[in-house]
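Residue-level structural notes
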Amino acid sequence: MLRTRSIILLALAMLAVLPGLAAGHAVLLSSEPPAEARLATSPPELRLQFNEPIQLVAPTDFDVVDETGLPVASEPGTVAPDDASALRIPLRPGLEPGTYTARYKIIGADSHVITGVLVFRVGPGPLAEPFLAGAASAGGPSETSAWSVSARFIELLMLGGLAGLLAFRWLVWRPAWSDLGDGVPDRLAALTWGRDVFWIGFGVLALGAMLAEGYLLVVQSATILGTSVGDAAADVPGLSSVLSETRFGSLVQVRAALLFVLFALGAWQFHREYGGGDSSKEPSVAGRALPTAALVGILVVVLWQLSAQGHASQAPLPLLQTGLNLVHLVAVAVWVAGLALVGLALWRLPRAAPGGGRAVATAVLARFSRLALIVVAVAVATGVGRAVGQLDDPAQLWETAYGRSILIKVALLCPIAAISLRNRRVVTSLRRLKRPNAAGLGMVRRAATAELALSLTIVLVASLLVAQVPGRV
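To keep things clear, this report deals only with the structure shown in the data block. Only a predicted model underlies this, so the values are computations on that prediction, with no experimental measurement involved. (Residues numbered from 1 in each chain as written. Predicted model: local features only at pLDDT ≥ 70, side-chain atom pairs only at ≥ 80, totals over all residues. Heavy atoms only, no water.)

**Concerning the overall build of the protein chain**
The following threshold applies: A helix here means a DSSP run of H or I that spans at least four residues, while a strand means a run of E at least two residues long, and both kinds are numbered starting from the N terminus. Partly exposed residues are those whose accessible area sits between 20% and 50% of the maximum for their type, while under 20% is buried and over 50% is exposed, using a 1.4 Å probe and protein chains only. Contact between two residues is taken to exist if any of their heavy atoms lie within 4.5 Å; hydrogens are not considered. In these tables, accessible area is a Shrake-Rupley quantity obtained with a 1.4 Å probe, and a residue counts as shielded only by the protein chains included in the view.
Assigned secondary structure in the protein chain consists of 12 helices and 9 strands. Of all 473 residues assigned to the protein chain, the portion counted as buried reaches 50%. In the protein chain, the share of contacts with a sequence separation of at least 24, taken over all contacts with a separation of at least 6, comes to 74%. For the protein chain, the accessible surface area stands at approximately 21,000 Å², while carbon and sulfur atoms represent 66% of it.

**Brief notes about empty space enclosed by the protein**
So the rule is basically this: With a 1 Å grid spanning the protein atoms alone, the term cavity applies to any set of points in which a 1.4 Å probe fits but cannot get out, the term pocket to an open set with protein on both sides within 12 Å along at least five of seven lines, and the term lining residue to any residue with an atom within 4 Å of a point. Grid points are joined across faces, edges and corners, and a volume is the space filled by probe spheres set on the points. In this classification, the charged set is Asp, Glu, Lys and Arg, the nonpolar set is Ala, Val, Leu, Ile, Met, Phe, Trp, Tyr, Cys and Pro, and all remaining amino acids, among them Gly, are polar.
By the definition in use, this model includes 1 cavity of 30 Å³ or more. For the largest cavity, the calculated volume is near 110 Å³. Every residue along the wall of the largest cavity is listed here: L165, F168, R169, W173, W193, G194, V197, F198, L341 and A345. Put simply, the parts of the chain that give the lining of the largest cavity at least two residues each are α2 (146-180), α3 (187-225) and α8 (318-352). Residues belonging to the lining of the largest cavity are distributed by class as follows: 8 nonpolar, 1 polar and 1 charged.

**A short note on helix α5 (residues 236-245)**
The following threshold applies: To obtain the arc, one takes the directions from the helix axis to the C-beta atoms. Any pair of nitrogen or oxygen atoms within 3.5 Å is treated as a polar contact; in protein, a donor-acceptor pairing is required on top of that, and neighbouring residues in sequence qualify only through side-chain atoms on both sides.
Within α5, the full set of buried residues consists of G238, L239, S241 and V242. Along α5, the residues classed as buried sweep out an arc of 160° about the axis, all on the same side. Exposed and oriented more than 90 degrees from the buried face of α5 are V236, P237 and S244. With a side-chain oxygen positioned 2.9 Å from the backbone nitrogen of G238, the residue opening α5 is D235.

**Remarks on the packing of aromatic side chains**
Rules: The criterion for an aromatic pair is that two Phe, Tyr or Trp rings (for Trp, the six-membered ring) have centres within 6.5 Å, with stacked assigned to planes under 30 degrees apart, edge-to-face to planes over 60 apart and tilted to the rest.
According to the stated counting rule, one finds 10 aromatic pairs in the structure shown. With centroids separated by 5.8 Å and ring planes inclined at 25°, the aromatic side chains of Y100 and F120 adopt a geometry described as stacked. Of this pair, Y100 sits in strand β8 (residues 98-108) while F120 sits in strand β9 (residues 113-122); the two residues are 20 residues apart in sequence, bridging distant segments of the chain. Taking relative accessible area as the criterion, Y100 reaches 4% and is therefore assigned buried. For F120, a relative accessible area of 0% corresponds to the buried category. A centroid spacing of 5.9 Å and a plane angle of 75° characterise the contact between W173 and W177, whose relative ring orientation is edge-to-face. With W173 and W177 both in helix α2 and 4 residues apart, this pair spans about one turn of that helix.

**A word on the pairing of β9**
Rule in force here: Here, a strand pair is defined by DSSP locating no fewer than two bridges between the strands.
Most of β9 sits inside the fold, with 8 of its 10 residues counted as buried. Direction of pairing for strand β2 (residues 38-39) relative to β9: parallel, over a ladder of 2 bridges. By the bridge assignment, L39 is partnered in β9 with V122. Where β8 lies against β9, 10 bridges are found, and the strand directions are antiparallel. Each residue of the ladder has a partner; that of R103, found in β9, is V117. The turn joining β8 and β9, which pair antiparallel and follow one another in sequence, is formed by 4 residues; a positive phi near 75° is taken by S111.

**Thoughts on the side chain of S85**
Assignment of secondary structure puts S85 in the loop between β6 (78-79) and β7 (86-90). Given the relative accessible area of 12%, S85 is considered buried. A polar contact of 3.4 Å, which involves the side chain of S85, links it to the backbone oxygen of E52. Non-local contacts of S85, meaning those with residues more than four positions away in its chain, are made with L48, Q49, F50, E52, P53 and I54.

**Focus: the sheet that holds β7**
Spatial strand order, β1-β3-β7-β6: 4 strands in an open sheet with antiparallel pairing. In the strand order of this sheet, the two ends are held by β1 (28-32) and β6, each with one partner. Bridge count for β6 against β7 is 2 bridges, and the pairing is antiparallel. If you follow T78 over to β7, its bridge partner there is R88.

**Considerations on unusual backbone geometry**
Of note, the amide linkage connecting E32 to P33 takes the cis form, showing an omega dihedral of 5°. In this structure, P33 sits in the loop between β1 and β2. Backbone geometry places E36, a non-glycine residue, at a positive phi of 65°. Examined against the element boundaries, E36 turns out to sit in the loop between β1 and β2. In this model, D186 sits at a positive phi of 55°, which is unusual for a non-glycine residue.

**With respect to the packing of α5 against helix α6 (residues 247-274)**
Put simply, the test is: Axis geometry follows a simple rule: fit a line to the C-alpha atoms, using only the stretch in contact for helices, then measure angles between N-to-C directions, giving values from 0 to 180 degrees. Any angle from 65 to 115 degrees is called roughly perpendicular, while one under 35 is roughly parallel, one over 145 is roughly antiparallel, and all others are oblique.
Relative orientation of the contacting elements α5 and α6 amounts to 90°, with a least axis distance of 5 Å. Overall, the two elements α5 and α6 adopt an arrangement that is roughly perpendicular. Two secondary-structure elements touch here, α5 through V242, L243, S244 and E245 and α6 through R247, F248, G249, S250, V252 and Q253. Split by residue class, the contact of α5 with α6 holds 4 nonpolar, 4 polar and 2 charged.

**Re the packing of α8 against helix α9 (residues 357-390)**
Any two packed helices are characterised by the angle at which their axes cross and by the distance between the axes. Applied cut-off: Note on convention: near helix rotated counterclockwise from far helix by under a right angle means a left-handed crossing. Clockwise means right-handed.
Following both chains from N to C, one finds α8 and α9 inclined at 160°, their axes separated by 8 Å at the closest point. Considering their axes alone, α8 and α9 lie roughly antiparallel with respect to each other. Crossing handedness for the pair α8 and α9: left-handed. In terms of residue class, the contact of α8 with α9 is made up of 22 nonpolar, 9 polar and 2 charged.

In structure tokens, the structure reads:
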């Protein structure tokens, strides 16, 4: 138990060294006039050039003011009609000598909110400090705030949990019963327990995923609108504008609709499995294949869309990077959810089915042990592919916040690997026993709990990683 606690404390300590601040991912490449320019005459307009397509939610999100905060634009700022990666704002002719501040808040193509300021001077004299009071960029949670990170973490947890739950039922629970055969004592009790756990988990996770999308919408809207999360939740027109006028809002709407269909289809399948009302009838080991395939298909589309929303969509070879990200998400989901379900099976199955619960739990553990080797290898391989797509130089692993977060994720895998190797030796010993002992199963359950805690820490790091600037940028 002391070793488990030490591992968890080590993981949290490593997480604590993560940088607290990170910029957005749409980067200002140049401006005309340039930042900190000293101009002899008043420029006709200000133009900002970014590295990727950007979006303005409101004209007030881009303005230019003088040293007293008075606006000097002759028209509202807009995305340039000839270039979706540029902003332009016409200026009043004949600006008086002085320092002028341009303030902007934009949404990048990867759905992240980016704010910035620059100054230039007209006429002789020193550059003054930027005028920031009243800027649209002020206020609202940052992309790396606890609000934003928790919203992404919960979304990943709910969607990943659904993917892992479906995979566990068909890739672990079902083949484990094939290994056991028909002579398992208390077979009906064990199958009933497995069916109940699946449907309780599905209901909680499916509803949780829809609520998570709503929570993410409110938090992201607070960032976009420059207000608190509480105020954003009460601002119906503001939420509507984010939903209808931003790419992020469109993606949230699609995901919410797909998740509703997923829940409705799951409810229908639930009714099919429980609808008979005959408690003596043996439950299906894994339900019907066709409805399950439909659930998996819907979930894959949701996860694909989530992958296409972020960094991968703007990386070189975006289709490949999005595909790698999707596979990475699914592999990690199967692994993390599997750890939680194996731990639950080791704890509850011997009580739910005293006659054969330990044997079933051991078979489940053995099946998951084989699957875990595959999905962790896939997660590592796809993670490397994603890192290659986001970094231009190996030195960026330790020179950038994004790279250091990747190194922390890798470091957390080391104790996980050590626990997994130890578990495999214990599992091999348990499978040789005709009746696995409680002490051995308890040892594996405690180790799986530690492994789960470390893996959830990795997911938490990933929730922060997506808000950091990739090395290639």
